Amino acid sequence: MELNEAFEDAIFRVDGLGKQPNDVMLKLYGLFKQARFGDVTGDRPSAFDLRGRAKFDAWAARKGLSKDEAMTTYIEYAEELAG
């Protein structure tokens, strides 16, 4: 299976897992954004925007990871979660 197809399949499988802890969702979010858009841009949200800041930080933690590496890591993590 091609990497992009495997990534799309992993996204579908993760969506079907149901509610997950915040740390799991933030890791998936950061990997997804890095895979789709590359390194985070813009300013970090203020301390009053807790959700926005957490999402920004999750994405920023993946800075420098190539899109292919982010996809591969996302796929592996999705497989781990599906158990």
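Above this text you will find the structure in question.
Throughout what follows, the structure given in this document is the object of discussion. Throughout, a residue's number is its position along its own chain's written sequence, starting from 1. It should be noted that, the model being predicted, local features are given only for residues of pLDDT at least 70 and side-chain atom pairs only at 80 or more, the latter also being counted only at that level, while totals for whole chains, interfaces and linings use all residues. Heavy atoms from the whole structure form the basis of all side-chain values; hydrogens and water molecules are not counted.

## Comments concerning the environment of Ala-61
Put simply, the rule is: Only DSSP runs of H or I with at least four residues qualify as helices, and only runs of E with at least two residues qualify as strands; both kinds are numbered from the N terminus onward. Relative accessible area decides the class of each residue, using a 1.4 Å probe on protein chains only: under 20% of the type maximum gives buried, over 50% gives exposed, and in between gives partly exposed.
With respect to the element layout, Ala-61 can be found in the loop between helix H3 (50–60) and helix H4 (67–82). Under the relative-accessibility criterion, Ala-61 is labelled exposed at 59%. The spacing of Ala-61 and Glu-2 is 59 residues in sequence and 26 Å in space, taken between C-alpha atoms.

## As for H4
Rules: Under the convention used throughout, the expected extent of a helix is 1.5 Å for every residue step, that is, one less than its residue count.
In this model H4 runs 22 Å from its N-terminal to its C-terminal C-alpha over 16 residues, within 8% of the 22 Å that 1.5 Å per residue would give. Within H4, the full set of buried residues consists of Ala-70, Met-71, Tyr-74, Ile-75, Tyr-77 and Ala-78. One or two residues past the end of H4 sits Gly-83, with phi positive at roughly 55°.

## Points about the side chain of Lys-33
Applied cut-off: A positive count includes Lys and Arg, and a negative count includes Asp and Glu. His and the chain ends are not counted in either. Each reported salt bridge corresponds to a side-chain nitrogen of Lys or Arg within 4 Å of a carboxyl oxygen of Asp or Glu. The criterion used for residue contact is that any of the two residues' heavy atoms lie within 4.5 Å.
For Lys-33, the location among the structural elements is in helix H2 (residues 22–37). Buried charged residue Lys-33 carries no salt bridge. Nearest counter-charge: Asp-39, at 13 Å. The residues touching Lys-33, leaving out its near neighbours within four places in the chain, are Gly-38 and Trp-59.

## Let's talk about the nonpolar core
What counts, and what does not: Definition of nonpolar core: a set of buried residues of the types Ala, Val, Leu, Ile, Met, Phe, Trp, Tyr and Cys, connected through side-chain atoms within 4.5 Å.
Core analysis: the biggest nonpolar cluster contains 14 residues, and Phe-7, Ala-10, Val-14, Leu-28, Ala-35, Tyr-74 and Ile-75 have the highest contact counts within it. Where this core is concerned, the elements lending two or more residues are helix H1 (3–15), H2 and H4. Top element by residues in this core is H4. It accounts for 6 residues. Among all residues touching Tyr-74, those that are not within four sequence positions of it are Phe-7, Ala-10, Ile-11, Val-14, Leu-28, Leu-31 and Phe-32.

Everything listed is a geometric property; what it means functionally is a separate question.
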